[in-house]
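The lines below spell out each chain.
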Amino acid sequence: MVAVVTAGRKPADSQVRGPDRPWAVRARRVLDASASTWLEGVVVICQGDRILEVTRSAPTGVPVSDLGERSLLPGLIDTHTHIFLQGNHDQQEYATQILAEDPAHRVARAVRALGIALRHGFTTLRDLGTEGAGFGDVALRAAVEEGVVAGPRLQAAGPAIGATHAYPISNYRDDWSFPVGVAECDGAEGCRREVRRQIARGVDWIKVYATAGSRMGLDPAGYPDSPPPWTQVELNTIVETAHEQGVRVAAHAMAATGTDMAVAAGVDSVEHGNAIRPETAEAMAERGIYLVPTLLALREQPRTSFENCRRAGVRVALGTDVGAFYWDEHNQARELELLVGLGLTPAEAVRSATVVAAEMLGLSGEVGEIGPGRCADLIACPGDPLSDVALLQQVDVVIRAGRLVTTVDRQPSGPVAVG
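In this report, we go over the structure that sits alongside the text. (Residues numbered from 1 in each chain as written. Predicted model: local features only at pLDDT ≥ 70, side-chain atom pairs only at ≥ 80, totals over all residues. Heavy atoms only, no water.)

## Topic: the overall build of the protein
A tally of helices and strands in the protein yields 11 helices and 21 strands. At 21 Å, the protein has a C-alpha radius of gyration in line with the 22 Å of a compact globule built from 419 residues. Along the first, second and third principal axes, the C-alpha set of the protein runs to 70 × 45 × 35 Å. Every one of the 419 residues in the protein was classed for burial, and the buried ones make up 57%. Look at the contacts in the protein between residues 6 or more apart in sequence, and 70% of them connect residues 24 or more apart. For the protein, the exposed surface amounts to about 16500 Å²; the carbon and sulfur share of it is 48%. (Helix = DSSP H or I, 4+ residues; strand = E, 2+ residues; numbered from the N terminus. Rg over C-alpha atoms; globule rule 2.2 N^0.38 Å. Buried < 20%, exposed > 50% of the residue type's maximum accessible area, 1.4 Å probe, protein only. Contact = heavy atoms within 4.5 Å. Areas by Shrake-Rupley, 256 points an atom, 1.4 Å probe, with all protein chains shown as cover.)

If you want it as structure tokens, here you go:
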């Protein structure tokens with residue numbers, strides 16, 4: 001196991017707090033994520049939860065943790081998660097969580113999900129919809145920041161916004177009323193009011209269901225399509241109201257017409273994106289709208305839509321939609337392999353989970369890179385993941401905000417002390 005001497009602020013009760021003094025970590029190679037190149041023969045100097053510098057040698061008296069032949073990278077970022085969902089493979093499974101599970105139990109399982117993500121090397125998450133748990137992700141964001149629970153830093157979206165009756169709990173008696181997993185609204189004024197309510201509750205993002213799953217078919221060009229749940233005015237109002245307050249908008253988009261409308265409205269990210277026509281991809285690139293493909297959660301890989309986006313120059317950020325599948329079903333880093341399978345190079349895939357994801361979340365200069373002033377979120381794995389991106393499923397050292405918080409159940413090649 002890893003020998004731990006912690007550094008940083010607000011450690012969990014089970015952690016030992018060391019003095020707030022500089023410490024250093026060395027590995028066989030250190031990733032320059034912006035350039036997608038390795039730095040060799042360097043050490044990363046940290047103090048508290050920040051990186052001070054990347055240099056050739058540590059100053060006298062600064063303890064150095066040697067990670068041996070491992071590769072050192074910035075912590076990974078998953079931009080599409082559902083910490084309050086624990087598997088959504090069928091309608092009944094989803095309904096049980098929304099209708100039957102006690103809220104406290106859902107919170108406990110969400111805390112467990114945070115720990116799983118951290119062990120996989122994901123030190124930052126964007127949570128995109130609590131599915132019936134209200135603003136629970138906003139509350140857990142605060143709990144992580146306070147050190148009450150250990151987990152990745154969170155950006156929260158609270159309850160996703162859906163048009164009334166577009167996202168129902170189905171297959172139950174029609175004369176009964178059921179709660180739903182989204183915040184429903186209609187009309188421009190209703191949409192504006194809901195966005196303002198969510199911003200007042202402290203969300204970082206607005207999540208909107210720009211498409212609904214009913215009556216799905218194929219358009220003449222073979223793209224999945226269905227009648228849109230919103231008018232263009234409603235979608236425009238959601239985006240305009242959020243942007244007026246400096247809040248970004250993510251659009252669930254799995255049908256061509258609704259995706260076109262979301263892009264026309266000026267959303268900041270298209271989630272799933274398995275129905276993106278060439279002209280829509282060009283509009284996304286022109287407007288700086290990111291694509292978050294969530295390949296792990298999709299039954300069929302959206303190769304044509306993805307290739308349209310690649311040709312147009314759309315920026316791709318990694319997101320897995322974990323929660324839609326069980327948190328312990330896949331290592332989230334497997335998404336990187338699937339991105340490579342659709343044509344990204346390993347270096348591009350790693351950038352999608354570091355530099356590009358940080359840019360999309362407005363966290364450039366904080367996370368996604370190893371450099372002076374950045375947060376000391378660091379992970380290490382054996383081998384060279386720029387040659388074989390699957391190696392990132394073997395992360396065995398995770399440092400979150402300057403603290404060695406977890407390792408997976410495998411022995412590192414030697415003892416590691418941080419702090």
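## Overview of helix α6 (residues 256-265)
With respect to burial, α6 is a largely interior element, 7 of its 10 residues being buried. Looking only at α6, the buried set comprises Ala256, Gly258, Thr259, Met261, Ala262, Val263 and Ala265. Contacts made by the buried residues of α6 are with β15 (224-225), α5 (232-244), β16 (248-253), β17 (269-272) and α7 (278-287). Remark: glycine 266 follows α6 within two positions and exhibits a positive phi of approximately 90°.

## A closer look at the sheet that holds strand β10 (residues 153-156)
Ordered in space as β8-β9-β10, the 3 strands form an open sheet in which the pairing is parallel. At either margin of the open sheet sits one strand with a lone partner, and together these are β8 (76-81) and β10. Ignoring strand direction, the axes of neighbouring strands in this sheet form an average angle of 15°. Where helix α2 (residues 103-119) meets the sheet, it contacts β9 (122-127) and β10, and its direction lies at approximately 135° from that of β9. Along the sheet face, helix α3 (residues 136-146) touches β9 and β10 and points at about 155° away from the line of β10. (Pairing = 2+ DSSP bridges. Axes fitted to C-alpha atoms, helices over the stretch in contact; angles between N-to-C directions.)

## Here we look at the packing of aromatic side chains
With the rule as written, the count across this model stands at 4 aromatic pairs. Relative to phenylalanine 178, the ring of tyrosine 172 lies with its centre 5.0 Å away and its plane at 50°, an arrangement referred to as tilted. Given a relative accessible area of 34%, tyrosine 172 falls into the partly exposed group. Joined through ring pairs, the aromatic side chains of Tyr94, Tyr167 and Tyr209 make up one cluster. Above the face of the tryptophan 38 ring, arginine 29 is positioned so that its terminal group lies 5.9 Å from the ring centre. Its guanidinium or amino end placed over the ring of tryptophan 205, arginine 126 lies 4.4 Å from that ring's centre, counting from NZ or CZ. (Phe/Tyr/Trp six-rings, centres within 6.5 Å; stacked < 30°, edge-to-face > 60°. Lys NZ or Arg CZ within 6 Å of the ring centre and 35° of its normal.)

## Comments concerning the pairing of strand β20 (residues 397-400)
Of the two faces of β20, the one carrying Val397 and Ile399 and the one carrying Val398 and Arg400 are both buried. Looking at chain direction, strand β19 (residues 378-381) and β20 are connected through 3 bridges and run antiparallel. Across the sheet, residue leucine 378 finds its bridge partner in β20, namely isoleucine 399.

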